[in-house]
Amino acid sequence: MRFEGIYTPVITPFAEDNSIDYAAFGALIDTLIEAGVHGIIVGGTTGEYYVESFAERSQLLQVAVERSAGRVPVIFGTGSINPEESIGLAKAAVEQGADAILVATPPYSLPTERELAEHVLAVDKAANLPIMLYNYPARMGVNMGEEFFERVSGSANICAIKESSGDINRLHLLANADSNIQLSCGMDDQALEFFAWGAKSWVCAGSNFLPEEHVALYNACVVEGDFDKGRRIMAAMMPLMSVLEQGGKFIQCVKHGVTLSGQFAGATRKPLLGLEEDEKQQLQQVIGTLKATIAGIEKGE
């Protein structure tokens, strides 16, 4: 499987009673596909999978597959603190018709690279679907390193890695590695660098509410090979990246961005709380400036 384009890790809209609003979730998927994103990810960090039950996650996947209706691939996140649940989610991915799975390190347990490799291969065996690895040491506690890659190299299903370490040296190593694993940007403020080093895809939470603008950067860098234009678009995006990556309220900002776009996003589940009014105003201003600037760039201004 080739991972190319913008992949949106879709938020989970929660109703006032804290239940999932599946209708709003489906409507958002339609909006994203119509806006030009190239793939949908269900059960990523942005989707708040860690506060959702197995049944909820499985139903979200069912809705996503039905609403996508083959227009774009659907990737299902199998991350869990419990490795056995990850295996169960991998089986659910097959049953519900997912096109691929996202496989992360079980958080908190801090497995060795050998242990992590054994976990990934067990999830792989349960699903036998294309895999995008998810390296996010800030949340999981460990990196997918050289020994890990050696141990999983025999699996033909491992197609890509979403690299979210933020370590530019890892980007260089992965881009220059003698490997068939595709590189996918998982650190929003480094998207331009990832594309410059050959990445063809970007898993970006901001595309939940700014899909066209994220597609514009992908098109400039990957499709057109116009990095002058890409730098101008990325420069316009950097204030948003600063708010999202460094503000400490990543998911809350993304969900409020969805609200500002006219879609229902709902609140976050605890322990996360909503944005303060001044934070909402700041985000709205940043989004407005970003949209206007990138629209001008697209028009050749």
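**As for the overall build of the protein**
Here is step 1 of the chain: A tally of regular secondary structure across the protein gives 12 helices and eight strands.
Here is step 2 of the chain: Its C-alpha atoms give the protein a radius of gyration of 18 Å, within 12% of the compact-globule value 19 Å for 301 residues.
Here is step 3 of the chain: Judged by the C-alpha coordinates and their principal axes, the protein covers about 50 × 45 × 35 Å.
Here is step 4 of the chain: Here the protein, with 301 residues, has 54% of them falling under the buried criterion.
Here is step 5 of the chain: When the accessible surface of the protein is totalled, it reaches about 12900 Å², and 49% of it is carbon and sulfur.
Here is step 6 of the chain: Computed over 22 positive and 39 negative side-chain charges, the inter-centroid distance for the protein is 1 Å.

**Remarks on the nonpolar core**
Here is step 1 of the chain: Counting 83 residues, the largest nonpolar core has Ile40, Leu133, Phe148, Trp202 and Leu217 as its most contacted members.
Here is step 2 of the chain: The element best represented in this core is helix H10 (residues 227-246), accounting for eight residues.
Here is step 3 of the chain: Ignoring sequence-local partners within four residues, the contact set of Leu133 consists of Leu102, Val103, Val120, Met144, Phe148, Phe149, Ile158, Ala160, Ile161 and Lys162.
Here is step 4 of the chain: Listed in part, the 15 residues of the second largest apolar core include Ile41, Tyr49, Met140 and Ala160.

**Section: the state of the cysteines**
Here is step 1 of the chain: Summed over the entire model, instances satisfying the criterion amount to zero disulfides.
Here is step 2 of the chain: Just so you know, Cys253 is unpaired, no disulfide at all, and the nearest cysteine sulfur is the one on Cys204, 16 Å from it.
Here is step 3 of the chain: Assessed through its relative accessible area of 6%, Cys253 is described here as buried.

What counts and how
- Residues numbered from 1 in each chain as written.
- Predicted model: local features only at pLDDT ≥ 70, side-chain atom pairs only at ≥ 80, totals over all residues.
- Heavy atoms only, no water.
- Helix = DSSP H or I, 4+ residues; strand = E, 2+ residues; numbered from the N terminus.
- Rg over C-alpha atoms; globule rule 2.2 N^0.38 Å.
- Buried < 20%, exposed > 50% of the residue type's maximum accessible area, 1.4 Å probe, protein only.
- Areas by Shrake-Rupley, 256 points an atom, 1.4 Å probe, with all protein chains shown as cover.
- Lys, Arg positive; Asp, Glu negative; His and termini not counted.
- Charge placed at Lys NZ, Arg CZ, Asp CG, Glu CD.
- Core = buried A, V, L, I, M, F, W, Y, C linked by side-chain atoms within 4.5 Å.
- Contact = heavy atoms within 4.5 Å.
- Disulfide = S-S within 2.5 Å.

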